[in-house]
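Structural overview for review
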Amino acid sequence: MTTHYQEPNQAMRAANAIIRWLAESGISVAGTRALRVRGRISGRPRSVVINLLTVDGVDYVVSPRGNTQWVRNVRAAGVVETGPRWRRRRNTVREVADDAKPEILRRYLARWYWQVKGFVGEVTPQSTDDELRAAAGRIPVFALAAA
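Presented here is an overview of the structure given in this document.

Conventions used here
- Residues numbered from 1 in each chain as written.
- Predicted model: local features only at pLDDT ≥ 70, side-chain atom pairs only at ≥ 80, totals over all residues.
- Heavy atoms only, no water.
- Pairing = 2+ DSSP bridges.
- Helix = DSSP H or I, 4+ residues; strand = E, 2+ residues; numbered from the N terminus.
- Axes fitted to C-alpha atoms, helices over the stretch in contact; angles between N-to-C directions.
- Core = buried A, V, L, I, M, F, W, Y, C linked by side-chain atoms within 4.5 Å.
- Buried < 20%, exposed > 50% of the residue type's maximum accessible area, 1.4 Å probe, protein only.
- Contact = heavy atoms within 4.5 Å.
- Salt bridge = Lys/Arg side-chain N within 4 Å of Asp/Glu carboxyl O.

1. Some details on the sheet that holds strand E6 (residues 141-146)
- The strand order E1-E2-E3-E6-E5-E4 describes a closed barrel built from six strands, whose pairing is antiparallel. Put simply, the sheet's adjacent strands are angled 45° from each other on average, direction ignored.
- The sheet contact formed by strand E5 (residues 89-95) and E6 spans five bridges and is antiparallel. Across the sheet, residue Glu95 finds its bridge partner in E6, namely Phe142.

As structure tokens, then:
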């Protein structure tokens, strides 16, 4: 497990707050969704905006910034809620093994590389499986299933 984490700066936090508010209101910006998870220390619900990727009918959540607070909360809770305030969907989560990540990361990067290229290191949508597998340890990926 990695401890890689790229903390957002103040401007990015402000932008994320606006996009999170929109996502919680049901307005998606380039595929964004609201994700809520119980805080592992406080026990209070925490919200974050994510890009939800669907591959072969399975929803995936990727953390391009690495081992963030929400990732640690998801690992501890095992359950998240996604969607707008009035239509939250409860999901169980399963962390994807590094060897299974290359195709998921390739599809995620194909869709959102323009948004996350500063956080994923040298990998791109055109990276080889070996390059994606090498980066997989620092990019957490979770599969969601209906709870």
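There is more to say after this.
2. Some points on the nonpolar core
- With 20 residues, the main nonpolar core has Leu53, Tyr60, Leu105, Tyr108, Leu109 and Val141 as its most contacted residues.
- Counting residues per element, the ones that place at least two in this core are strand E2 (45-55), strand E3 (58-62), helix H3 (101-116), helix H4 (129-136) and E6.
- In terms of residue count, H3 provides more of this core than any other element does, six residues in total.
- Discounting chain neighbours no more than four positions away, the residues touching Leu109 are Val116, Val120, Val123, Thr124, Pro125 and Leu132.
- Ranked by size, the runner-up nonpolar core spans 13 residues in total, among them Val48, Leu52, Val61 and Leu144.

3. Digging into unusual backbone geometry
- With a phi angle near 50°, Asp56 is a residue other than glycine that sits in the positive phi range.
- Note on placement: Asp56 falls in the loop between E2 and E3.

4. A closer look at the pairing of strand E4 (residues 79-82)
- Side-chain alternation along E4 places Val80 and Thr82 on a buried face and Val79 and Glu81 on a face that remains uncovered.
- When strand E1 (residues 32-38) meets E4, the two strands line up antiparallel, connected through two bridges. Counterpart to Leu35 in the pairing with E4 is Thr82.
- Pairing between E4 and E5: four bridges, direction antiparallel. Directly across from Val80, in E5, lies its bridge partner Asn91.
- Following E4, the chain reverses through six residues before pairing antiparallel with E5; Gly83 in that reversal takes a positive phi of roughly 105°.

5. Considering the pattern of salt bridges
- Taken as a whole and judged by the stated rule, the model has 10 salt bridges.
- Here Arg88 and Glu81 are joined by a salt bridge, their closest N and O atoms 3.8 Å apart.
- Residue class for Arg88 comes out partly exposed when judged on its relative accessible area of 43%.
- Given the relative accessible area of 25%, Glu81 is considered partly exposed.
- The salt bridge involving Asp130 is made with Arg133; its shortest N-O contact spans 3.1 Å. With a gap of three residues between them, Asp130 and Arg133 both fall in helix H4, about one helical turn apart.
- Given the relative accessible area of 59%, Asp130 is considered exposed.

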